[in-house]
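Spelled out, the chains give:
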Amino acid sequence: MRYQKLAGGAGPEVSVLCLGVMTLGTTVDEETSFAILDRFAEAGGTFLDTSNNYPCWVDGATGDEAELLLGRWLKSRGARDRMVVATKVGARPDPSRGPLWCDKAPDGFGNMEGLSAGAIRAGLEGSLRRLGTDRVDLHYAHIEDRSVPLEETVGAFAGLVADGKAGLPGVSNHPAGRIAEARLTAARLGLPGYRCVQQRHTYLRPRPGADFGVQRHTDAGLFDYAAAQPDLTLLGYSTLIHGAYTREDKELPPQYEHEGSARRLRVLREVAAESGATPNQVVQAWMLGGRVPVLPVLGVSTVAQLDELLAAAELDLDPEARARLDAA
């Protein structure tokens, strides 16, 4: 495993691979979930990612499940002090705001709790209870909420940092311009601003105008901004587009169906064969070694899947192979 410090060295040191626990404890049973977490820790993994709403879209789930599972594992293994724990706030269903959540609602936002000061503070208090800890190391604004002034949102995140309940503030699923505006607002107020950004990211590029709902894909604007901000760390989720790089039973999501994808897939498979690696491993290594590195958030459902991806932390692509991948 390799390690780096978040936020340009100002944050905690983490494994360059982050394990996402979104499906652990629900679509992945508890025994398998614990085995995945155990294997990640055994391999030197120290960075865990969850949210206060995972996975509320699964039938019968409330959004408590992933944090509760992670809390049980941290307690049973005595692992809290060895792990850097990230969670999110802003997208949890709030029944008082209506019956429909997210893209099921006409406005695409529905009854999500949002990013008011009250929602942020209450959201983290709930996360701390479920995780069985008194502090998270990274706390993300999960979904953009333009109904709340930025001053209120960044002030609430900063207040939790001041209280010792959160470490770094982070942001997910926001456009680059909004992230830059929020960071400028925090700086103007003398407050800690967002230091980590987590967006969708993978080797294939989405087609122009692709709709991901409330999710945001890392784009050129964000890369350009991050390149000029040494205190900002980028992370990527849905990096393997649900298995579509390697599994014949998984079709490409429609957002990636365009002529350029066929070309990039061909080069990806060529580089993987030349490197003695799998396409999935090459995607992760490509992300980690880019002009602006992106730390992958791994989503797995078996220990075997995790073992494949763990090898990516040690894979160095030679400059020629990287140039071909970039140019495809």
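None of the values given here were measured: they were computed from a predicted structure.

**Some thoughts on the overall build of the chain**
The helix and strand tally for the chain stands at 10 helices and 10 strands. A compact globule built from 328 residues would reach a C-alpha radius of gyration of about 20 Å, and the chain, at 19 Å, matches this within 12%. With respect to the principal axes defined by its C-alpha atoms, the chain has extents near 55 × 40 × 40 Å. For the chain, the residues scored as buried account for 56% of the 328 residues in total. Relative to all contacts within the chain whose residues are 6 or more apart in sequence, the contacts with residues 24 or more apart total 73%. Approximately 13800 Å² of the chain is accessible, and the part contributed by carbon and sulfur atoms is 51%. Distance between charge centres in the chain, computed from 35 positive and 43 negative side chains, equals 3 Å.

**Some points on the UniProt feature "domain: NADP-dependent oxidoreductase" (unreviewed entry) in the chain**
Sequence positions flagged by UniProt for "domain: NADP-dependent oxidoreductase" (unreviewed entry) are, in local numbering, residues 17-327. With 38% helix and 13% strand, the stretch residues 17-327 has end C-alpha atoms that lie 25 Å from each other.

**Some thoughts on the nonpolar core**
Counting 96 residues, the largest nonpolar core has Phe47 and Tyr203 as the members making the most contacts within it. Those residues within four positions of Phe47 in sequence are excluded, and the remaining contacts are Leu6, Val14, Ser15, Leu17, Cys18, Leu19, Phe40, Val84, Ala86, Leu138, Leu235 and Leu295. In terms of nonpolar packing, the next biggest core, distinct from the first, is built from 7 residues, Cys56, Ala91, Trp101 and Phe109 among them.

**Some thoughts on the pairing of strand S8 (residues 196-200)**
With 5 of its 5 residues buried, S8 lies for the most part within the structure. Where strand S7 (residues 166-172) meets S8, 3 bridges bridge the pair, whose relative direction is parallel. Looking at S8, one finds that Ser172 is bridged to Gln198. A crossover links S7 with its parallel partner S8, the connecting element being helix H5 (residues 176-188), and its sense is right-handed. Here S8 runs beside strand S9 (residues 233-237); their pairing, made up of 5 bridges, is parallel. Within the sheet, the bridge partner assigned to Val197 lies in S9 and is Leu234.

**What about the layout of surface pockets?**
The volume enclosed by the largest pocket comes to roughly 1300 Å³. Surrounding the largest pocket, 46 residues form its lining, Met22, Thr23, Tyr237, Ser238 and His242 being those nearest its centre. Those elements giving two or more residues to the lining of the largest pocket turn out to be S8, strand S10 (294-298) and helix H9 (303-310). No other element matches the 3 residues that H9 contributes to the lining of the largest pocket. Taken together, the residues of the lining of the largest pocket break down into 19 nonpolar, 20 polar and 7 charged.

**Topic: the side chain of Thr185**
Take Thr185: it is sitting in helix H5. Discounting chain neighbours no more than four positions away, the residues touching Thr185 are Leu150, Glu151 and Val154.

**Notes on the state of the cysteines**
If you walk through the whole model with that rule in mind, you get 0 disulfides. We note that Cys18 lacks a disulfide partner, and the nearest cysteine sulfur, in Cys196, lies 9.7 Å from it. Not part of a disulfide, Cys102 finds its nearest cysteine sulfur in Cys56, a span of 7.9 Å.

Conventions we followed
- Residues numbered from 1 in each chain as written.
- Predicted model: local features only at pLDDT ≥ 70, side-chain atom pairs only at ≥ 80, totals over all residues.
- Heavy atoms only, no water.
- Helix = DSSP H or I, 4+ residues; strand = E, 2+ residues; numbered from the N terminus.
- Rg over C-alpha atoms; globule rule 2.2 N^0.38 Å.
- Buried < 20%, exposed > 50% of the residue type's maximum accessible area, 1.4 Å probe, protein only.
- Contact = heavy atoms within 4.5 Å.
- Areas by Shrake-Rupley, 256 points an atom, 1.4 Å probe, with all protein chains shown as cover.
- Lys, Arg positive; Asp, Glu negative; His and termini not counted.
- Charge placed at Lys NZ, Arg CZ, Asp CG, Glu CD.
- UniProt positions renumbered as here; feature names shortened; annotations may be inferred.
- Core = buried A, V, L, I, M, F, W, Y, C linked by side-chain atoms within 4.5 Å.
- Pairing = 2+ DSSP bridges.
- Right-handed = clockwise from strand over helix to strand, strands pointing away.
- 1 Å grid on protein atoms, 1.4 Å probe; cavity = no way out; pocket = protein on both sides within 12 Å on 5 of 7 lines; lining within 4 Å.
- Points joined across faces, edges and corners; volume = space filled by probe spheres on them.
- Nonpolar A, V, L, I, M, F, W, Y, C, P; charged D, E, K, R; others polar.
- Disulfide = S-S within 2.5 Å.

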